[in-house]
Amino acid sequence: MMSKTNTGIVRFISLLMILGLVFPVESIAQVTKAKDSLIQGSLSNGLRYYIKAIPSETKLHMNLIVKAGAIFQDKNQYEVAHLLEHLSLRESEHFPNGIANSDSLLTAIGNRGIGRDFYAFTGYEEVSYTYNANVENNQSIETGLIWFRDIAGGLKLAPKDIKIEKELIKQENVHKSSGKSVNKSLLFQTIFPCMANKNEYNKKVEAVKISDIKSFYKDYYQPQNLAIRIVGNVDQPEILENKIKLMFGELKSSISKVKLEAYSVINPSGVSKFEVLERLVPLEVDDQKLSINLFYRGETYIDKPLSTQERIDRLKQKIIQELMAEAFQKEMASLREVYNPKFDFLIKSYSNFMNSPSLIWMEIMTDPEDVEYTLERVFDNINMFTSFGVSKEEWDVLKKQKLAMLKKKENASLYYWEKEILNNFLHEELLVDGKEAMIKDWLQKLSYRDFNSQIETYFGKKPKNIMIMVAKGQKKSIDKNYISNLIDNKLKEHKTSNRKNNEISEVLMSDSLKQSLMPKAYTQIQDSTKYNRYRLNNGLEVILVKDSTVKNKVEIHGFSPIGALSLPERDFYAASYAPRLIKHSGIGNFDKFQLEHLTNKYKGLNYYQYINPNETGIKATANSRDVESLMQLIFLSVSKPLKNKAAFDDWKNSIAKSLLDPTYYLRGINFSNHIKDYMKPHDIAFHMGSTFVEQVQNLQFDRILEAYRKLFSQSERFTYIIYGDYDEEIMLKLSQKYLGNLPVIPEKLNEIDIYNEKDSIALKSHEVEFQSLRCSDNIMFSMISFSEPKPFSWKENLKVQFLGNILLEKTFALRFDKDFALYDLIGGGFYDDVLHRYKLMTKMDCTQEEFEQVKEATGIIFKDLRSGKIENHLYTKVYQEIEKRISLASESPQSLNDIYKYYSKNYHQEFPKKAEKLEFLQSLTIDEIKSFAEDFLKEEHLFKFIMY
């Protein structure tokens, strides 16, 4: 029997067939002679459409963009724009069960489902709905347009769906929100009243009535606020244009209460605004500090641009202010070039923000007693910037980077056109041929003196807004007049002497040090591969892998089978974190800041060191012409790390502060760390989360340096793979000189075979509860089936991935079939490099009320898989996805990572060919997958983890 969803879509498509507006049967992926030009237009109801065919593109991105972002909400419509984004996946006219719950249809048309081929995003100004069509199936494109049509006027907004999605956006807020982000929302709301703050988020969301949601939907989801954007592999764009006219032309437009005043509440007057605010939420670290916020803004646009010249002028001004933001960042960066500073700061810049060409926000964190010192230092730099601007050399670099970025955007045509169309729809930016050439010509002719005059105008005045944020109860302690006068007095100062530039060496190594390094002899080693392999006199092995297809690039990976576990247990964490400290301290005669200045002169030069439980290594890349500098960098980092106690104290302090505003979901990382810590076959050093901070704070400076020396000085145990575009004879000589002189210490450390350790998995409790550091209304839940610790195998990994993808599809059904309010819903199968185990897992956030039901439903999924309940359509869908991924993979020479995995004792992985992978995939019949599931998902290997 055909589902309601499929029936509705078939009827709609049948109507299109009668009118002759359905694509021909031929695949849309076929190369055609479609015009490589943009088709755009407006329907009589105001809806705008853009179709950009890119014949060379394999993807097809479809979007519905709605001018109905967060700034258009009334006070009684808190988060309604975001809520409607979520409700688009629920019940609608042609998708009675919601598009996200139309699995059989999506499988039939080759779409992968929510979060992969369709998703949405809510911004300040717009909500963007994305549908990535399957270019090999015509009905896939039809389905995307039908979904857009339903969003435009066919969402049912059922009370049941609203209740579920309210819970989901509350959980999403827990993921994305921190104390600092809540305080930031108050800061921005004070300047831009059309923005809402995030305090008491859950309470405000619950207070929103269904009538408020429907009112917003009716007012703003009108055709004059809509745009359809289709970019990529479009076959016969003219037919697609007619389809849009047919499907969307019938939408009725009514008088819309478009909140134009949302753009006019930005204090457009030139008067500086100064306020003191108290934090809504205490900071976890440094709550006693003052946050001094300086806002520089371009002049607000009161009217929309009318003429082409006005649009060109605004575009130029936007580019100039983007360049000024970059120059300002570089100028102020010198304030950071000191260990253990008395103040800290961040700078963020925004383009096209709130109808202004730019916004530059500088937040300064300082102790109350250091305010005068801090502001003097900051405004000394600002004065220097406004007085002298940038030098001609600096301006040439800025221009070159901007021109390269413009060229890069043009070459990435899919994303370039998506951005161009969005800016045209939202901000009336020019969308014409020749625009980029005109901008490039103008920018190349713009002099640094003209640019510096713009800097003086923009930064030479008091910031438009100055906001000071303090801890609760501390507002009265702030003397606004005193701080305001400090800033005024500093701005009156004029710089008469040129700025001082710190002299930094142009070379990494002195001539005398280079001359002291005599090339070491080598012997060639017979190797089963085609690569040249050598052993230097210090025992270090070099494998040269020349690949001229990697143009002007060299990659190096050096590694040894000795890691942190080879040291005494007390030094495990000292060793694990040692590379991070050395990077923070410096090498040779250069501290961290000097080294950054020097290496920035070499485009593409990077290096990264690591110490894992059973491996120590270094990864480095450079342009081919800079390969000797890269070798010098490796030599210095291994043999001459800088011993700097001030850098150690600064490093520990910066890691403690990382919890202030983490760039990741702290609670989720902590949950994952708890699970790894519980299942660990040996000690684990974490590099994110609360445990990481705790582990670092307990370290001793001398023990870190000693652990680093011991592990990196075992040069005879290292293998260096040198991969890329280079002359082998020259590279061998450089290896003799620099790698051949790396140190070898007498103390020999033993390799640890982690796979021979007895695994106690069966002795552990199989339902484990963790307590979160902060109380939450949600419960984090994960069900995982682990293998015993074992080496990686590509064949077993493919089977685990196959079963994991089936598990993922079944897990998504909990949200859209069972209607549980689940967020951060993930599932899959993979090899865990930290635990050295394969695992099949699901993880989710759920409400406390639904937790027991969710746990039971998840358990049933695992039980069904173990008993062989795998539907044919799911098996076929997953098989086709994996087959497509393998088929599209390049058959080019092995990457450096492939070669590393072959030579590393931790992997020793063969190089499987594409044909071999496909042949193995063909052997994975549904019965084979069922048998594998029965074996892998044993009760004694299944765990339930819960965090409150």
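Analysis parameters
Residues numbered from 1 in each chain as written. Predicted model: local features only at pLDDT ≥ 70, side-chain atom pairs only at ≥ 80, totals over all residues. Heavy atoms only, no water. Helix = DSSP H or I, 4+ residues; strand = E, 2+ residues; numbered from the N terminus. Expected span 1.5 Å × (residues − 1). Buried < 20%, exposed > 50% of the residue type's maximum accessible area, 1.4 Å probe, protein only. Contact = heavy atoms within 4.5 Å. Pairing = 2+ DSSP bridges. Axes fitted to C-alpha atoms, helices over the stretch in contact; angles between N-to-C directions. Parallel < 35°, antiparallel > 145°, perpendicular 65-115°, else oblique. Nonpolar A, V, L, I, M, F, W, Y, C, P; charged D, E, K, R; others polar. UniProt positions renumbered as here; feature names shortened; annotations may be inferred.

Engineer: Even after reading the chapter, I still don't get helix α24 (residues 701–712), so can you show me in this structure?
Structural biologist: Note that an α-helix has 3.6 residues per turn; residues three or four places apart therefore point the same way. The end-to-end C-alpha distance of α24 is 17 Å, a good match for the 16 Å that 12 residues give at a rise of 1.5 Å each. Within α24, the full set of buried residues consists of Phe-701, Ile-704, Leu-705, Ala-707, Tyr-708, Lys-710, Leu-711 and Phe-712. Those residues of α24 that are buried are in contact with α18 (572–585), β18 (606–612), β19 (615–623), α20 (627–639) and α21 (645–657).

Engineer: What exactly am I supposed to notice about the sheet that holds strand β3 (residues 60–66) here?
Structural biologist: The strands that make up a sheet pair up through hydrogen bonds in the backbone, lying either parallel or antiparallel. Reading across the sheet, the 6 strands line up as β1-β2-β6-β3-β5-β4 and stay open at both edges, with mixed pairing between neighbours. Strand pairing shows two members of the sheet lacking a second neighbour, β1 (38–42) and β4 (118–122), which therefore form its edges. Sheet twist, expressed as the mean angle between neighbouring strand axes with direction ignored, is 10°. Examined bridge by bridge, strand β2 (residues 48–53) and strand β6 (residues 226–232) share 6 bridges and lie parallel to one another. Bridging from a neighbouring strand, Ile-51 pairs with Ile-230 of β6. Strands in contact with helix α2 (residues 80–87) are β4 and β5 (127–133); relative to β4, the strand with the most contacts, it is inclined by about 175°.

Engineer: Could you clarify how one ought to interpret the packing of helix α11 (residues 371–388) against helix α15 (residues 448–459) in this entry?
Structural biologist: Helix-helix packing is described using two parameters, namely the angle between the two axes and the distance between the axes. Orientation of α11 relative to α15, taken along the N-to-C sense of each, is 140°, at an axis distance of 7 Å. One way to sum up the angle between α11 and α15 is to call them oblique. Touching Ile-382, Phe-385, Thr-386 and Phe-388 of α11 are Asn-452, Ile-455, Glu-456 and Phe-459, all from α15. When its residues are assigned to classes, the contact of α11 with α15 shows 5 nonpolar, 2 polar and 1 charged.

Engineer: Quick question: what am I supposed to make of the UniProt feature "domain: Peptidase M16 N-terminal" (unreviewed entry) in the chain here?
Structural biologist: Taken from the UniProt record, the annotation "domain: Peptidase M16 N-terminal" (unreviewed entry) applies to residues 55–174. The distance from the first to the last C-alpha atom of residues 55–174 is 42 Å, and the span holds 39% helix and 16% strand.

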